[in-house]
Amino acid sequence: IMQSTYLYFTGYMWDTTSQKEALVRAIKIAKEYNTKIVFDVADPFAVNRSKEDFLKIIKDDVDFVLANFEEAKSMTGKTEKFEVINAMMELNPNGVVKDGGNGSYIYGNGIIHEIPVNKVEVVDTTGAGDMYAAGVIYGLARGFDLVRTGRIASYASAKTVENIGPRLEF
């Protein structure tokens, strides 16, 4: 963590006491060493289990947050697409709200960028969110602008859903 550019974790990693303790320590180390923190909310059920903790982490500790539309609705209590996105921006000024086959919305510096979906034949959505997160982290780590970062993430996710399982075929 001390030598990393990014610390990435998901809401799934917040389910047990030992996981929470490890993440609290990891976040503290990351902040001490100026390692950027990326948090993927992960699942509406995870939000329902740990909403108050997630809200605090997103507001106080995270540099970039990822959520899908359902997770973001649960986090914000809003239902209309742009109300949800704006509420997420109030929680954290940098992030993305994914909306499945409708594309995604990546935001920073008070600007929302709509990222179109890559049209592919969907075979299996397993791993699509994880691959999207990987694309975001790749773009951020390379210093790409948010639009390019979002397009990379969308493309990587699209390539994943063309296959059975979470791995890309080469």
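Note that the coordinates shown come from a computational prediction; the quantities given were computed from them, not determined experimentally.

> Mind showing me how you'd approach the packing of helix 3 (residues 69-76) against helix 4 (residues 81-91) here?
Geometrically, a packed helix pair is captured by the angle between its two axes and the distance between the axes. Relative orientation of the contacting elements helix 3 and helix 4 amounts to 65 degrees, with a least axis distance of 9 Å. Of the possible angle classes, the one that applies to helix 3 and helix 4 is roughly perpendicular. The two elements helix 3 and helix 4 cross, and the hand of that crossing is left-handed. Residues Phe69, Ala72, Lys73, Met75 and Thr76 of helix 3 pack against Lys81, Val84, Ala87, Met88 and Leu91 of helix 4. A breakdown of the residues in the contact of helix 3 with helix 4 according to their chemical character gives seven nonpolar, one polar and two charged.

> What am I meant to see in the nonpolar core here?
Looking at soluble globular proteins, one finds that nonpolar side chains tend to be buried together. With 30 residues, the main nonpolar core has Phe39, Val41, Phe54, Val65, Met75 and Met88 as its most contacted residues. The element contributing the most residues to this core is helix 2 (residues 44-60), with six residues. For methionine 75, the residues in contact, after removing those within four places along its chain, are Val41, Val47, Lys51, Phe54, Leu55, Ile58 and Met88. If you look at the next biggest cluster of nonpolar residues, it comprises twelve residues, including Phe64, Tyr132, Leu146 and Ala153.

> Would you mind going over the sheet that holds strand 5 (residues 104-108) with me for this structure?
Across a sheet, strands are paired by hydrogen bonds formed along the backbone, either parallel or antiparallel in direction. Read from one edge of the open sheet, six strands run 1-2-3-4-5-6, paired in mixed fashion. Every other strand in the sheet has two partners, leaving strand 1 (6-10) and strand 6 (111-115) as the edge strands with one partner each. With strand direction ignored, the average angle separating the axes of adjacent strands in the sheet is 15 degrees. By the bridge criterion, four bridges tie strand 3 (residues 64-68) to strand 4 (residues 95-98) in an arrangement that is parallel. In the sheet register, valine 65 faces strand 4, and the bridge partner there is glycine 95.

> Sorry, what's going on with helix 5 (residues 128-141) here?
Along an α-helix, residues three or four positions apart point the same way, because every turn accommodates 3.6 residues. When the terminal C-alpha atoms of helix 5 are compared, their 20 Å separation across 14 residues agrees well with the 20 Å that a helix rising 1.5 Å per residue should span. Taken residue by residue, helix 5 has Ala128, Tyr132, Ala133, Gly135, Val136, Gly139 and Leu140 as its buried positions. All buried residues of helix 5 fall inside an arc of 160 degrees around its axis, so they share one side. Taken together, the buried residues of helix 5 touch strand 1, strand 2 (36-40), strand 3, strand 4, strand 5 and helix 6 (146-161). Note on helix 5: the residue one or two positions beyond its end, glycine 143, has a positive phi of about 80 degrees.

> Looking at this model, I keep getting lost on helix 1 (residues 17-32). Mind explaining?
Compared with an ideal rise of 1.5 Å per residue, which puts 16 residues at 22 Å, helix 1 spans 23 Å between its outermost C-alpha atoms and is within 8% of the ideal. Burial in helix 1 covers these residues: Leu23, Ala26, Ile27, Ile29 and Ala30. For helix 1, the angular spread of the buried residues around the axis is 165 degrees, confining them to a single face. For helix 1, the exposed residues set more than 90 degrees away from the buried face come down to Thr17, Glu21, Arg25, Lys28 and Glu32. Packing partners of the buried residues in helix 1 comprise strand 1 and strand 2.

> Would you take a moment to explain the packing of aromatic side chains for this structure?
What characterises a pair of aromatic rings is the spacing of the ring centres plus the angle enclosed by the ring planes. With the rule as written, the count across this model stands at four aromatic pairs. Measuring from ring centre to ring centre gives 6.1 Å for tyrosine 138 and phenylalanine 144, while their planes differ by 65 degrees; the resulting arrangement is edge-to-face.

> Would you take a moment to explain the pattern of salt bridges for this structure?
Two side chains of opposite charge can pair, provided their charged atoms sit close to one another. What the rule picks out here adds up to six salt bridges. The partner of aspartate 15 in a salt bridge is arginine 49, with the nearest N and O atoms 3.1 Å apart. In this pair, aspartate 15 is assigned in the loop between strand 1 and helix 1 and arginine 49 in helix 2, connecting sequence segments 34 residues apart. Looking at aspartate 15, the relative accessible area reads 38%, which means it is partly exposed. Glutamate 70 serves as the salt-bridge partner of lysine 73, at 3.4 Å between the closest nitrogen and oxygen. On the criterion of helical spacing, the pair formed by lysine 73 and glutamate 70 is a turn pair, its members being three residues apart in helix 3. You can call glutamate 70 partly exposed: its relative accessible area is 41%.

About the cut-offs
Residues numbered from 1 in each chain as written. Predicted model: local features only at pLDDT ≥ 70, side-chain atom pairs only at ≥ 80, totals over all residues. Heavy atoms only, no water. Axes fitted to C-alpha atoms, helices over the stretch in contact; angles between N-to-C directions. Helix = DSSP H or I, 4+ residues; strand = E, 2+ residues; numbered from the N terminus. Parallel < 35°, antiparallel > 145°, perpendicular 65-115°, else oblique. Left-handed = near helix turned anticlockwise from the far one by under 90°. Contact = heavy atoms within 4.5 Å. Nonpolar A, V, L, I, M, F, W, Y, C, P; charged D, E, K, R; others polar. Core = buried A, V, L, I, M, F, W, Y, C linked by side-chain atoms within 4.5 Å. Buried < 20%, exposed > 50% of the residue type's maximum accessible area, 1.4 Å probe, protein only. Pairing = 2+ DSSP bridges. Expected span 1.5 Å × (residues − 1). Arc of directions from axis to C-beta. Phe/Tyr/Trp six-rings, centres within 6.5 Å; stacked < 30°, edge-to-face > 60°. Salt bridge = Lys/Arg side-chain N within 4 Å of Asp/Glu carboxyl O.

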